[in-house]
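# Observations on the three-dimensional arrangement
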Number of protein chains: 4
Amino acid sequence: MKAIRVAIIGAGSVYTPELLDMMGQMRGDIQIGSLCLMDTDPARLSIMTGFTRRFLDALDYKTELSQTADRLEAIKNADFIITQIRVGGNAARVNDEKIPMKYGLLGQETTGAGGFAKALRTAPVMVDIARDVEQYNPGAWVINYTNPTGIVAEAVTKHTKASFISLCGGGRHPGNMLYKAYGIEHSRVRYDFFGLNHFNFSYNITIDGRPITDEEFEKMAEYVGGVNPELTRVFGAIPSLYVPYFYNKNERFRHAAESEKTRGEVVQGLERELYELYADPDLRTKPELLSKRGGGDYAEMALGVISAIANNRDTFAVCNVSNNGAIPFLPTDAVVETACMVNASGARPLTFKSLPGHVWGMVCAVKNYESLTVEAAMGGSRVKALQALLAHPLVMDYDLAAPLLEELLNANQQYLPRFFS
Amino acid sequence: MKAIRVAIIGAGSVYTPELLDMMGQMRGDIQIGSLCLMDTDPARLSIMTGFTRRFLDALDYKTELSQTADRLEAIKNADFIITQIRVGGNAARVNDEKIPMKYGLLGQETTGAGGFAKALRTAPVMVDIARDVEQYNPGAWVINYTNPTGIVAEAVTKHTKASFISLCGGGRHPGNMLYKAYGIEHSRVRYDFFGLNHFNFSYNITIDGRPITDEEFEKMAEYVGGVNPELTRVFGAIPSLYVPYFYNKNERFRHAAESEKTRGEVVQGLERELYELYADPDLRTKPELLSKRGGGDYAEMALGVISAIANNRDTFAVCNVSNNGAIPFLPTDAVVETACMVNASGARPLTFKSLPGHVWGMVCAVKNYESLTVEAAMGGSRVKALQALLAHPLVMDYDLAAPLLEELLNANQQYLPRFFS
Amino acid sequence: MKAIRVAIIGAGSVYTPELLDMMGQMRGDIQIGSLCLMDTDPARLSIMTGFTRRFLDALDYKTELSQTADRLEAIKNADFIITQIRVGGNAARVNDEKIPMKYGLLGQETTGAGGFAKALRTAPVMVDIARDVEQYNPGAWVINYTNPTGIVAEAVTKHTKASFISLCGGGRHPGNMLYKAYGIEHSRVRYDFFGLNHFNFSYNITIDGRPITDEEFEKMAEYVGGVNPELTRVFGAIPSLYVPYFYNKNERFRHAAESEKTRGEVVQGLERELYELYADPDLRTKPELLSKRGGGDYAEMALGVISAIANNRDTFAVCNVSNNGAIPFLPTDAVVETACMVNASGARPLTFKSLPGHVWGMVCAVKNYESLTVEAAMGGSRVKALQALLAHPLVMDYDLAAPLLEELLNANQQYLPRFFS
Amino acid sequence: MKAIRVAIIGAGSVYTPELLDMMGQMRGDIQIGSLCLMDTDPARLSIMTGFTRRFLDALDYKTELSQTADRLEAIKNADFIITQIRVGGNAARVNDEKIPMKYGLLGQETTGAGGFAKALRTAPVMVDIARDVEQYNPGAWVINYTNPTGIVAEAVTKHTKASFISLCGGGRHPGNMLYKAYGIEHSRVRYDFFGLNHFNFSYNITIDGRPITDEEFEKMAEYVGGVNPELTRVFGAIPSLYVPYFYNKNERFRHAAESEKTRGEVVQGLERELYELYADPDLRTKPELLSKRGGGDYAEMALGVISAIANNRDTFAVCNVSNNGAIPFLPTDAVVETACMVNASGARPLTFKSLPGHVWGMVCAVKNYESLTVEAAMGGSRVKALQALLAHPLVMDYDLAAPLLEELLNANQQYLPRFFS
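These numbers were taken from a predicted model, which means no experiment stands behind them. (Residues numbered from 1 in each chain as written. Chains lettered and ligands numbered in written order. Predicted model: local features only at pLDDT ≥ 70, side-chain atom pairs only at ≥ 80, totals over all residues. Heavy atoms only, no water.)

Across its full length, chain A carries 16 helices and 13 strands. Here the C-alpha radius of gyration of chain A, 21 Å, is about what a compact globule of 421 residues would show, namely 22 Å. Seen through its principal axes, chain A has C-alpha atoms that stretch 55 × 55 × 40 Å. Classification of the 421 residues of chain A by burial places 63% in the buried group. (Helix = DSSP H or I, 4+ residues; strand = E, 2+ residues; numbered from the N terminus. Rg over C-alpha atoms; globule rule 2.2 N^0.38 Å. Buried < 20%, exposed > 50% of the residue type's maximum accessible area, 1.4 Å probe, protein only.)

Right, here's the structure in full:
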């Protein structure tokens, strides 16, 4: 087994220990010979590098650990570059959550008007990173879970030639349900996965090759936390955990309106606590509190995909990649979140066994929004931005979208040079 | 010029005089040798037959006029069967308008939840009519403007082989704008027409073959009654007059909520007045009041299409017909409202010069809703009906859709035998 | 009726009187106010200008007649530019016919290896003409019947933005059959027209809107000169007169091998005779002999299309234009010969009522050949040229194609600067 | 590792020892707990069962071995049913080879007119087998390498719901080249595989994820036995070993015309010798002579696919399966030979990284032929059969196809009840 070199951009994130933990669990599969932590925030980087050293030592995991604030340095010396950045930090996130609420629209990190603002900030930065990879280390792979992961992937794949795979833990969702319900391992489960990041549906689910029974489907429906089992039955498919932001949008809005704090504000508090813990020179394990932050699946997916590539082992995984004809009615170069075969040649979408009759239209609507958002973000175009908001089924109203756009742009002015030049 | 035989199903409608008027105007083009008026309401049929006789006499229009309550009799003896029915009458329409309002959703005759209920009532009846034509008079043409005209067309074309063209005055909308703005005749204007009935966009507009100027576009935008010119500019296309029900949905809802009467209730009053006028043995002309009822364009379109067929004259016209590949990302058998070449061989969709980048997703969403509604209506399936409402961007919310569906079904029980058997 | 200005590039052709004759017949429909004859051959130009003057005078057709050897002058002062050139003249044509025969392959002006050589010579010249139009007179229309008309159209539409319609008399073929068989006028007939120039199939044929009967089909099959009626029955469609070059290729090869002269050699003789006639100052009518040259339909089509554009009158016509989705399995920008609606906005392909199950594959093969030929011609690429010949079902054999290509290139060296620079 | 049950239909084939040998090699991967040999020829079945027993004993391979002449018995008790039948035996094959030669057309077992006759005989029998599986053992997998394997697969997948994967050793062709040239293991190699059985092209070839170099491509081109390296260079892709039957068809015809014996006749002799060897009670190993029969790759593919399914292990493999959108311009239900991900859920086509610009047309032509052949074989239709031969680029000539069809049908009358009833 050849050792690989990994860099993490945005390594100051509180999530990093999830990756370290998974590195330990998968050491029989992949050997990380060097690990470079990169972040633009020196304080966080220092805390996380210290913790990483202790954590890996405790695991007796031998690797050459380094830290840097220089993105290019990190990029140049890695086989795999993991990107987990947050442009504007949680402060910007809280804006994304609160501003839409003023207009009667849900503010959420990845969907709707909030995700739109995040995308405008994030897509150009991620394209810059990928261009650096393209130029300085074209053989390297970028494994991304910076959100909104699907929009980011479309921006990068349309504007660079970097080898780029965008992931989301939601790709393992049907497997998680079966594991929780029956203790069935992910490796025994396969499915068609139709749609986009945070707006998708799984079906044709098999266990050891046999279709799941109606009873198993029912039980999965009950285990889909946060989604009404009735809704799952109407779809006849396992929806993303985020579909309630669409199909129960009024209830979600009311809940948000009644909450004292937004999720971003909660996370800000959590993260303060977590950094205090990580800074403790005696902490050598993943703190209990991290589980409240969410995102455990991502590390499993990221290292699973890296293993498939590094070992050139054919592996089923859900990725955000160019559609490439898998969904025939979406553009070839539109990014979709879909079941792929991953190996050293990259992530190749599988064709579908069947396409769903009753959610394809809404997926088209959201995809149209996403592609317009990429155009707006990269071109700094207000008209495209307005078209994007109008194309989104959660916004759609011109009388709201026009002033909302202005407010979002103004609140993010420092992160949107393309709109203010 | 060979005389043709025309039957009107639903001839008791207050609209009928629009057709009579246009018959007179187009007598140089088409000669209607026999005209059969059919209606299930004997009182209205009698009033309208009397008025028709006087009106045509006043025009000195020679035709063999008959009336009947027997649909088959009307169908068997016609070359063209015009259908203009309203299942459940204006009373059902008022329900369609009021019930959704209880759920915070706009009730409208053709779009959203109101149009959905109308479709459930109407599609099976229109399929029955078309099946009669298929069986008893397969060479005849059905020219329909029963609403929702696009959904009705999809039901009929998927379930029968009758020669069927569904029309809406909105197909002439860009021409109307240019006529109002500049006095330019329709015959000088052509355009790409993308979308569905009451949710469509016109662009690539030409006058005498040359593209319209930016200035002309601006002026058209101002003449699109009811649509914010800013919105038209963002689209870069002339939208249907009904798109504000989508893109200004909140404002439209507020307006409806504040109105004393629904449009259906207004129409009920208007129609009572109109029937009184028509019953007057001295009335021999189209009453002034009819112009308030709307729908003038339809007669022009209906007789224009009949003329193109009867005279086998190639004619540009916007029709609701099977997509047939014109919009490559929509199913072949999905009905779209699109620019066609019409002649004796029927209405053939034209390919598009270009497809729009920024409204295609929402058109897919609405088309998905429409196709599910056809399935629900024909199969009497509650699950399909719920899928349809969830697929509609104006409903989408499960917590509203589920109880709303029950209420709509119960309110229409007498017209929905397929759901209650 | 507004008078239009017409220029003919290649006006020295013996065909020109067909156009003049049709001008006379259609004077009620289009008024040609100025007619500019352009040719690179001064002798032919002089003869044809003289004859044109006498012919139009005899018709009492008032137009401003001019002649020029300056292509740009002709282009700049015309609303419609008719192109009918022959790069290399009939001498090159005879090469096209004879060289393939050495390899056991049929040499023919438009199909197979002969048409390939003609395409290499002609496509870049036609693109040059279209670029001049684009640059100096962008509002003008180019009406082309320079062969191979489909390949020429693909080269021009892919490499320029000129308004360009390529025609072939074969588009009227089904109508001709019905006229010959029953005296039925073209205006009463419509059909789906599937395929490419000189490799196409017509079906769903209607007369006054009703499908033709089996008996009428049988009679048409008998009137398809040169095509075995059995073959037509197997296709269930009316084939192009050129399909025997495919489906009876061995018989055609034998016939050519046994002929004393090629068609090109016969034509050379015919044309010498015709120029002598045209030079006669007493000739004021179309000479009888011209009918032996073929091509009568083209004038009817060319002026029909010009009339549809000039009068902005919707007209069914078969044109060679970008597929644009009409045939969903061919590229959008591939040129096909297909039924269109023509008016002042140009030629818009109609969608098909149905697509044929049994000739689509071979049409794809020939289209692939054509597109590769355009690439080879425009790029001067030997590899592309070889790929083109291998893609053609009439060549396909590498052991023949490789030396044949060299011989064709060498024989045409003076006309192929892109291959020899 | 769970033991699986395997049945071989057509087990009397001389190929069977290849499977036995591979069973031994792959015993660490799959454990075959029972092996049922089925054949309609009692003599061959008896010889091969005896040999199998000795061979497996010599390997010390424990399995429950049985033999039967009852197809249903074999089908009912197996998890995997391997089909390797030859309808009409080698006698019919020799007809397939000789009859087309009379018409100047190459006779070959799988391509052209010879493969056509074989398909007519074989497709309905294979459909019958698959229907038995569907009815009596719906959970079982059919692994087929009965030729023409692509046409057989299309017949079966269009007419039954059996789980069916058709294989051809050619799917491993690019890997074989790299192994021969550089000793690179198949597991390190991946590629796009475009086309149909025996008419396909591999490209985007990677080794350990990196694209092959030009030098490696050149070396592969030299290792493609029987294909001119120049031709491979023109394609820029590794062609099937059978493409010379297309692109060097004249040379292949001459070679066949000059050969004393057809391949079928050679094989008849070889097989006589082989059965004598197998009958020898002292033979316990694969005889040297078998390597002359060809087909070694198939066993590796068959057991590789069975292992992927039995172990639910994601595996790259080239299979003949429904296109399913992988090649967007071919029908969804057309069978193509294409790179798939295989696991317990079956073989799912991968989308393509890119599609080839210069062979797609000919692939369409051959696919059209194949689909028409399936229709002809299943429906017993002479018109469809003639359409199929005309659609094939190697036949295409009506004057040959019509009498050739009659002769082929008559020579195979006993195997074609659908054509003679």
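Moving on, there is more to tell.
Okay, the environment of arginine 121 of chain B next. All names here are of chain B. Mapped onto the elements of the fold, arginine 121 is located in helix 5 (residues 112–136). The exposure class assigned to arginine 121 is buried, which follows from its relative accessible area of 1%. Residues arginine 121 and leucine 416, spaced 295 residues apart in sequence, show a C-alpha to C-alpha distance of 6.1 Å. Setting aside residues no more than four positions away along its own chain, arginine 121 makes contact with Val87, Ala92, Arg93, Asp96, Asn412, Tyr415 and Leu416. (Contact = heavy atoms within 4.5 Å.)

Turning to the packing of aromatic side chains, a few remarks are in order. Residue and element names in this part refer to chain A. If you walk through the whole model with that rule in mind, you get 68 aromatic pairs over all chains. Ring geometry for phenylalanine 51 against tyrosine 278: centres 4.9 Å apart, planes inclined by 50°, an arrangement best described as tilted. Of this pair, phenylalanine 51 sits in helix 2 (residues 42–59) while tyrosine 278 sits in helix 12 (residues 263–279); the two residues are 227 residues apart in sequence, bridging distant segments of the chain. Each member of the pair, phenylalanine 51 as well as tyrosine 278, is classed as buried. Ring pairing ties together the aromatic residues Phe199, Phe201, Phe235, Phe246 and Tyr247, which thus form one cluster. (Phe/Tyr/Trp six-rings, centres within 6.5 Å; stacked < 30°, edge-to-face > 60°.)

With that out of the way, let us pick up helix 1 (residues 16–25) of chain A. Residues and elements named next belong to chain A. Counting buried positions over the ten residues of helix 1 gives eight, a clear majority of the element. Every buried residue belonging to helix 1 is among Thr16, Pro17, Glu18, Leu19, Leu20, Met22, Met23 and Gly24, and all of these are buried. Where the residues of helix 1 are buried, they touch strand 1 (3–9), strand 2 (31–38), helix 2, strand 4 (80–83), helix 12 and helix 13 (296–310).

It takes a turn of 180° to lay chain B on chain A, together with a shift of 0.0 Å along the axis; the resulting RMSD is 0.0 Å. Interpreted geometrically, this transformation is the action of a two-fold axis. No C-alpha of chain B approaches the rotation axis more nearly than that of phenylalanine 329 of chain B, which lies at 2.3 Å. (Least-squares fit on C-alpha atoms with pLDDT ≥ 70 in both.)

This brings us to the interface of chain B and chain A. The interface is formed by 39 residues belonging to chain B together with 39 residues belonging to chain A. In this assembly, chain B packs against chain A so that about 3,100 Å² is buried in total across both faces, 63% of it on carbon and sulfur atoms. Counting across the interface, chain B meets chain A through zero salt bridges. Our count for the contact surface shared by chain B and chain A stands at 16 residue pairs in polar contact (both at pLDDT 80 or more). Within the residue set of the side of chain B that touches chain A, elements represented by two or more residues are helix 9 (229–235), helix 10 (244–247), helix 11 (249–258), helix 14 (360–379), helix 15 (382–391) and helix 16 (398–411) of chain B. The element contributing the most residues to the side of chain B that touches chain A is helix 14 of chain B, with eight residues. Residues that form the side of chain B that touches chain A fall into these classes: 24 nonpolar, nine polar and six charged. (Buried area = accessible area lost by both parts, 1.4 Å probe. Salt bridge = Lys/Arg side-chain N within 4 Å of Asp/Glu carboxyl O. Polar contact = N/O pair within 3.5 Å; in protein donor to acceptor, adjacent residues only side chain to side chain. Nonpolar A, V, L, I, M, F, W, Y, C, P; charged D, E, K, R; others polar.)

Interface size, as often reported, equals the accessible area lost upon joining of the parts. Chain C puts 25 residues into the contact, and the matching count from chain B is 25 residues. Buried area between chain C and chain B, summed over both chains or domains, comes out near 2,000 Å², and the portion from carbon and sulfur atoms is 42%. A per-residue breakdown of the area chain C buries against chain B is headed by Arg190, Arg348 and Thr351 of chain C, which together make up 30% of the total. The interface formed by chain C and chain B holds four salt bridges in total. With a shortest N-O distance of 2.9 Å, arginine 190 of chain C and aspartate 314 of chain B are connected by a salt bridge. For the pair chain C and chain B, the interface holds 18 residue pairs in polar contact (both at pLDDT 80 or more). Elements supplying a minimum of two residues to the side of chain C that touches chain B: strand 7 (189–196), strand 11 (315–322), strand 12 (335–343) and strand 13 (346–349) of chain C. Looking at the side of chain C that touches chain B residue by residue, the classes come out as seven nonpolar, eleven polar and seven charged.

In this structure, the amide linkage connecting asparagine 147 of chain B to the following residue, proline 148 of chain B, adopts the cis form with an omega of -10°. If you trace the backbone, proline 148 of chain B turns up in the loop between strand 5 (141–144) and helix 6 (149–159). Positioned with a positive phi, asparagine 312 of chain D is a non-glycine residue whose angle comes to about 50°. One can find asparagine 312 of chain D in the loop between helix 13 (296–310) and strand 11 (315–322).

Nothing here speaks to function; it is geometry throughout.
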